[in-house]
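# Inside the fold
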Amino acid sequence: MLLTPEGRSFVTDYHLASLSTLSADGSIHAVPVGFTLVDGLARVITRRGSQKVRNIRERGHATISQVEGGRWITLIGTATVLEDAESVAEAVELYARRYRQPQPNPERVAVHLEVRRVLASPGM
């Protein structure tokens, strides 16, 4: 996945995004998230019992979209939920670098989105 310097900056600056997954009835479930992107792998931290986690476990696809004014980027790919301590700790560390240190949460899991396609505004 190739991003321009502007695109790389855009996905590392402090911006929230939307994570979209497919619900059982085929509707889109979209929620605000913080995410990190390293080497084509986007990570989101969340709670084990959340709807987005259920949707990813059942259907395996997700999209992350970030927008600021006329600049935007969408990451599309296959998502998995990881619960092992090492994967969760790595996702928390990356999240803390981009946003802030999250509060401890024993129900925390890491969502990994293997980016297969990128759509973006010009210059990204």
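To be clear, the structure that these remarks concern was listed above.
Here is a short report on the structure shown in this document. Computed from a predicted structure; not experimentally measured.

### Concerning helix 2 (residues 51–59)
- Burial in helix 2 covers these residues: Lys52, Val53, Asn55 and Ile56. Within helix 2, the buried residues cover an arc of 165° as seen down the axis, which keeps them to one side.
- Check the buried side of helix 2 and you find it contacts strand 1 (17–22), strand 2 (28–33), strand 4 (41–47), strand 6 (71–82) and strand 7 (108–120).
- A positive phi of about 75° marks Gly60, the residue just after helix 2.

### Comments concerning the environment of Arg59
- As for its placement among the helices and strands, Arg59 is situated in helix 2.
- Along the chain, Arg59 and Thr80 lie 21 residues apart, while their C-alpha atoms are 9.5 Å from each other.
- Arg59 has contacts with Leu22, Ser23 and Ala24, leaving out every residue within four places of it along the chain.

### As for helix 3 (residues 85–98)
- The terminal C-alpha atoms of helix 3 lie 20 Å apart, and with 14 residues this matches the ideal 20 Å at 1.5 Å per residue to within 8%.
- Among the residues of helix 3, Ser87, Val88, Ala91, Val92, Leu94, Tyr95 and Arg98 are the ones counted as buried. Taken end-on, helix 3 shows its buried residues confined to a sector of 165°, consistent with a single buried face. Exposed and facing more than 90 degrees away from the buried side of helix 3 are Ala85, Glu86 and Arg97.
- Tucked inside the fold, the buried residues of helix 3 contact helix 1 (5–10), strand 3 (36–38), strand 4, strand 5 (61–68), strand 6 and strand 7.

The rules behind the values
- Residues numbered from 1 in each chain as written.
- Predicted model: local features only at pLDDT ≥ 70, side-chain atom pairs only at ≥ 80, totals over all residues.
- Heavy atoms only, no water.
- Buried < 20%, exposed > 50% of the residue type's maximum accessible area, 1.4 Å probe, protein only.
- Helix = DSSP H or I, 4+ residues; strand = E, 2+ residues; numbered from the N terminus.
- Arc of directions from axis to C-beta.
- Contact = heavy atoms within 4.5 Å.
- Expected span 1.5 Å × (residues − 1).

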